[in-house]
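# Observations on chain architecture
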Amino acid sequence: AYNKGVEGNDHDVNFHDVVYEATQNAVLEQSLKKLTSRCIRLCWLLIPAHLGVEFSIASLSQIYEALVQRDQELSAEMCRKHAQYYLDRIREVMI
């Protein structure tokens, strides 16, 4: 799999893999894996590890809970917050 073995990264990759496989759409799954691979690589290069890992664990837990509850709106909101956090951190470093 992509980006496995990067210290502290396996929880993130494993979580995304399970969600992507659940789509049961091979094309979407592969596209999302490629996108996530690039995003994770960029985040690990630019964001201090302690900021990324702590937030990642907390936000992925929230997404998981929303998925378990089958709450589509909350799941979507948590996914947006998860992605936006990393986009904001990347912007801070790049600007």
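Only a predicted model underlies this, so the values are computations on that prediction, with no experimental measurement involved.

The subject of this paragraph is the nonpolar core. In this structure, Cys-43, Ile-47, Tyr-85, Tyr-86 and Ile-90 together form the largest nonpolar core, which totals five residues. Broken down by element, this core gets its largest block of residues, three residues, from helix α4 (residues 72–94).

Right, let's get into a nonpolar patch on the surface. A cluster of nonpolar side chains, namely Val-93, Met-94 and Ile-95, defines an oily patch on the protein surface of about 370 Å² accessible area. Assignment of secondary structure puts Met-94 in helix α4. Since its relative accessible area comes to 59%, Met-94 is described here as exposed.

Turning next to the confidence of the model for the protein. For residues with low pLDDT, the predicted coordinates do not support detailed interpretation. For the protein, the average pLDDT comes to 82, and 86% of its residues sit at 70 or higher. Within the protein, no element has a lower average pLDDT than helix α1 (residues 10–22), which sits at 82, and none a higher one than α4, at 89. Note that residues 1–6 has pLDDT below 50 and, in this model, 22 contacts with residues that lie over four places away or in other chains.

Quick look at α1 now. End to end, α1 covers 18 Å across 13 residues, agreeing with the expected 18 Å (1.5 Å per residue, within 8%). Burial in α1 covers these residues: Asp-12, Val-13, Phe-15, His-16, Asp-17 and Tyr-20. One or two residues past the end of α1 sits Gln-24, with phi positive at roughly 55°.

In total, this model carries five salt bridges according to the counting rule given. One salt bridge in this structure joins Asp-17 and Lys-33, with 3.9 Å as the shortest N-O distance. Highlighted residues: Asp-17 in helix α1 and Lys-33 in helix α2 (residues 26–46), separated in sequence by 16 residues. Here the two residues Asp-17 and Lys-33 agree in accessibility, since each one is buried. In this structure, Arg-89 engages Glu-92 in a salt bridge whose closest nitrogen and oxygen atoms are separated by 2.8 Å.

Conventions and cut-offs
- Residues numbered from 1 in each chain as written.
- Predicted model: local features only at pLDDT ≥ 70, side-chain atom pairs only at ≥ 80, totals over all residues.
- Heavy atoms only, no water.
- Core = buried A, V, L, I, M, F, W, Y, C linked by side-chain atoms within 4.5 Å.
- Buried < 20%, exposed > 50% of the residue type's maximum accessible area, 1.4 Å probe, protein only.
- Helix = DSSP H or I, 4+ residues; strand = E, 2+ residues; numbered from the N terminus.
- Patch = residues over 30% accessible without salt bridge, like charges linked within 9 Å, V, L, I, M, F, W, Y side chains within 5 Å.
- Areas by Shrake-Rupley, 256 points an atom, 1.4 Å probe, with all protein chains shown as cover.
- Salt bridge = Lys/Arg side-chain N within 4 Å of Asp/Glu carboxyl O.
- pLDDT = per-residue confidence, 0-100.
- Contact = heavy atoms within 4.5 Å.
- Expected span 1.5 Å × (residues − 1).

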